[in-house]
Amino acid sequence: MPAAKYICVCLRTIEHLLSDVFLDYSGKLSLTFSNPGYFGGFCALLFPILYGRALNGEKRYMCVLDGVLTGGLLFCLIMSGSSGALYAAAAATAAETVFLIVRKKRR
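### A look at the overall build of the protein chain
Turning to step 1, where the next piece is worked out: When helices and strands are counted, the protein chain shows 4 helices and 0 strands.
Turning to step 2, where the next piece is worked out: Of the regular secondary structure in the protein chain, the N- to C-terminal order runs α-α-α-α.
Turning to step 3, where the next piece is worked out: Counting across all 107 residues of the protein chain, residues that qualify as buried make up 22%.
Turning to step 4, where the next piece is worked out: Long-range pairs, those at least 24 residues apart, make up 51% of the contacts in the protein chain between residues at least 6 apart in sequence.
Turning to step 5, where the next piece is worked out: When the accessible surface of the protein chain is split by element, carbon and sulfur atoms take 68% of a total near 7800 Å².

### Thoughts on a nonpolar patch on the surface
Turning to step 1, where the next piece is worked out: Together, Leu-74, Ile-78, Leu-86 and Tyr-87 line one region of the surface with nonpolar side chains, adding up to about 390 Å² of accessible area.
Turning to step 2, where the next piece is worked out: Only helix H3 (60–80) and helix H4 (83–106) provide two or more residues apiece to the nonpolar patch.
Turning to step 3, where the next piece is worked out: A residue is classified by how much of its surface remains accessible, and Leu-74, at 34% relative accessible area, is partly exposed.

### Brief notes about the packing of helix H2 (residues 36–56) against H3
Turning to step 1, where the next piece is worked out: Following both chains from N to C, one finds H2 and H3 inclined at 155°, their axes separated by 9 Å at the closest point. Judged by the inter-axis angle, H2 sits roughly antiparallel to H3. H3 is crossed by H2, and the crossing has left-handed handedness. The residues of H3 that touch H2, namely those facing Pro-36, Phe-39, Gly-40, Cys-43, Ala-44, Leu-46, Phe-47, Leu-50, Tyr-51, Arg-53 and Ala-54, are Met-62, Cys-63, Asp-66, Gly-67, Leu-69, Thr-70, Leu-73, Leu-74, Cys-76, Leu-77 and Ser-80.

What counts as what
- Residues numbered from 1 in each chain as written.
- Predicted model: local features only at pLDDT ≥ 70, side-chain atom pairs only at ≥ 80, totals over all residues.
- Heavy atoms only, no water.
- Helix = DSSP H or I, 4+ residues; strand = E, 2+ residues; numbered from the N terminus.
- Buried < 20%, exposed > 50% of the residue type's maximum accessible area, 1.4 Å probe, protein only.
- Contact = heavy atoms within 4.5 Å.
- Areas by Shrake-Rupley, 256 points an atom, 1.4 Å probe, with all protein chains shown as cover.
- Patch = residues over 30% accessible without salt bridge, like charges linked within 9 Å, V, L, I, M, F, W, Y side chains within 5 Å.
- Salt bridge = Lys/Arg side-chain N within 4 Å of Asp/Glu carboxyl O.
- Axes fitted to C-alpha atoms, helices over the stretch in contact; angles between N-to-C directions.
- Parallel < 35°, antiparallel > 145°, perpendicular 65-115°, else oblique.
- Left-handed = near helix turned anticlockwise from the far one by under 90°.

Encoded structure:
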């Protein structure tokens, strides 16, 4: 297969894959979920877990990795455009922070 034809096929394939990333929801991110709200809810469930692991990790590199993953999850949460999921993640993060402060004081 000539190189130009191969590149053209690759570009069409990439264009086809990227066409499913934004699914007629006005540019809101939904990825494999059928609705951006579902994706935002999923991110809101995972966010406090990674946040807690980033603050309380045993190994330094795992804390850094979890911090980076938490940042990526926050980005996905904001890009989903789901306000309810954003409020839920903020409330869960506040509760997690209080829990971690109380736990450190008891030690």
